[in-house]
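Architecture and fold: a report
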Amino acid sequence: MTVGRQPIDWGAGRLWQAHNVFGSFLPTALDTEFKAGVDAVLVDYYVDDFSFLSIAVVGNNNDVSASDISVASRYQTLVGDETELSLVLGDVLGN
């Protein structure tokens, strides 16, 4: 469990990271390595050697109300020898 400001970087990709729901960036941005982070509680649970579940509760940096809180979860597992399956489910900024 991690509490505080942290970069939550889910997924990989050069042009678009579909699972990066908290730290997305424009594809035209030159510096995508720096991630300022978000105020969050992140819980990681390792199901077995090849699977894990992450749950993130993220508050808005402004005055936090119940509608400003985002919740998302990510499950990742290994399928076969060379394939990963990753699922993301959540309510982020009302979406």
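Treat the numbers as computed from the prediction; the structure is a model and nothing was measured. (Residues numbered from 1 in each chain as written. Predicted model: local features only at pLDDT ≥ 70, side-chain atom pairs only at ≥ 80, totals over all residues. Heavy atoms only, no water.)

1. Considering the nonpolar core
Looking at soluble globular proteins, one finds that nonpolar side chains tend to be buried together. The line we're drawing: For this analysis, a nonpolar core means a set of buried residues of the types Ala, Val, Leu, Ile, Met, Phe, Trp, Tyr and Cys, connected via side-chain atoms within 4.5 Å. Burial here depends on accessible area, computed with a 1.4 Å probe over protein chains only, as a share of the maximum for the residue type. Under 20% is buried, over 50% is exposed, and the range in between is partly exposed. Numbering of helices and strands runs from the N terminus, with a helix taken as a DSSP run of H or I at least four residues long and a strand as a DSSP run of E at least two residues long.
Within the largest apolar cluster, 10 residues are counted, these being Ile8, Trp10, Phe22, Val38, Ala40, Leu42, Ala56, Val58, Ala72 and Val92. Elements supplying a minimum of two residues to this core: β2 (38-48) and β3 (51-58). Of all the elements, β2 adds the most residues to this core, at 3 residues.

2. Focus on the environment of Met1
Going by this rule: Only heavy atoms enter the contact rule, under which two residues are in contact if any of them lie within 4.5 Å.
Along the chain, Met1 turns up in the segment before β1 (2-6). Taking relative accessible area as the criterion, Met1 reaches 74% and is therefore assigned exposed. C-alpha separation for the pair Met1 and Val43, spaced 42 residues apart in sequence, amounts to 4.4 Å. With residues up to four places along the chain from it excluded, the contact list for Met1 reads Val41, Leu42 and Val43.

3. A look at the sheet that holds β1
Strand pairing within a sheet occurs via backbone hydrogen bonds; the two strands may be parallel or antiparallel. Put simply, the rule is: Two strands are counted as paired when DSSP detects at least two bridges linking them. Note on method: axes are straight lines fitted to C-alpha atoms, helices fitted across the in-contact stretch only, with angles between N-to-C directions ranging 0 to 180 degrees.
Here we have 5 strands laid out as an open sheet, ordered β1-β2-β3-β4-β5, and antiparallel in their pairing. Single-partner strands in this sheet number two, and they are β1 and β5 (83-91). Put simply, the sheet's adjacent strands are angled 25° from each other on average, direction ignored. Here strand β4 (residues 70-79) pairs with β5 via 9 bridges, running antiparallel. Bridge pairing in β5 links Tyr75 to Leu87.

4. Overview of the confidence of the model for the chain
What counts, and what does not: Values of pLDDT, which run from 0 to 100, indicate the predictor's confidence residue by residue.
Scored by pLDDT, the chain comes out at a mean of 78, with 65% of its residues at no less than 70. When mean pLDDT is compared element by element in the chain, β3 scores highest at 91, while β1 scores lowest at 84.

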